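# Chain and residue survey
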Amino acid sequence: MAKVWMTSGLMLAGLLGLGTFGYSLTQQTAIQSQMNQTMNQIDVSIATTGGLVAQTVTALKPLYSTTSALANIEIQQQSTISYLKQMNQHLQNLATLESSIVTGLDNLNQATQNVSTDLTGMAGLNNQLLNANGSSVIQANSEAAKVGQLSQMTNTSISQLHQLNGKLSGLKALP
């Protein structure tokens, strides 16, 4: 009987092993089936993604042109900024030069005002000289008139002396 138990136990163990093997094989088949479905879904997704990528590339082509145009605009803006910096430097140099010109003009204006003040003083002196000169002219005219009168008197005296000399010339012959 012990042999029957053993044989039955072995059979039972064999059946159990065979059941476990069958169960394991069934599980592996189910897992493989799920993996096959997942792989099929991935394959469909990859195929769909390829189409989406192609559509995306087509849709983004105008954006590439826009991006390229924007890049060119940025390059032009950088060039403009550089030009504006140069122009600002030039304007700053001009402002410095103009400031020195204004300072020079202020100095010239001050010198002109000084000359004007001096000329105003000279005008006063000229008026004084003119007044003195006017007085001198009046006095000179008066003296000239007196000299004229004196000259006339001298001429009269000379004329009378000539007449007297003519009358007295006979006396020269007397001893």
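Quantities reported herein were computed from a predicted structural model and do not represent experimental measurements.

### Points about the overall build of the protein chain
When you go through the protein chain residue by residue, the secondary structure sums to one helix and zero strands. In summary, the protein chain has a C-alpha radius of gyration of 70 Å against a globular reference of 16 Å for 175 residues, an excess of more than 25%. For the protein chain, the spread of C-alpha atoms along the three principal axes comes to 235 × 40 × 30 Å. Per element, the accessible surface of the protein chain, about 15400 Å² overall, is 64% carbon and sulfur. Charged side chains of the protein chain number 6 positive and 6 negative; the gap between the two group centres comes to 12 Å.

### Some points on the environment of G50
Looking at the element boundaries, G50 is found in helix 1 (residues 2-168). Separated by 17 residues in sequence, G50 and S33 place their C-alpha atoms 25 Å apart.

Thresholds, definitions, all that
Residues numbered from 1 in each chain as written. Predicted model: local features only at pLDDT ≥ 70, side-chain atom pairs only at ≥ 80, totals over all residues. Heavy atoms only, no water. Helix = DSSP H or I, 4+ residues; strand = E, 2+ residues; numbered from the N terminus. Rg over C-alpha atoms; globule rule 2.2 N^0.38 Å. Areas by Shrake-Rupley, 256 points an atom, 1.4 Å probe, with all protein chains shown as cover. Lys, Arg positive; Asp, Glu negative; His and termini not counted. Charge placed at Lys NZ, Arg CZ, Asp CG, Glu CD.

Keep in mind that these numbers describe shape and distance, not what the molecule does.
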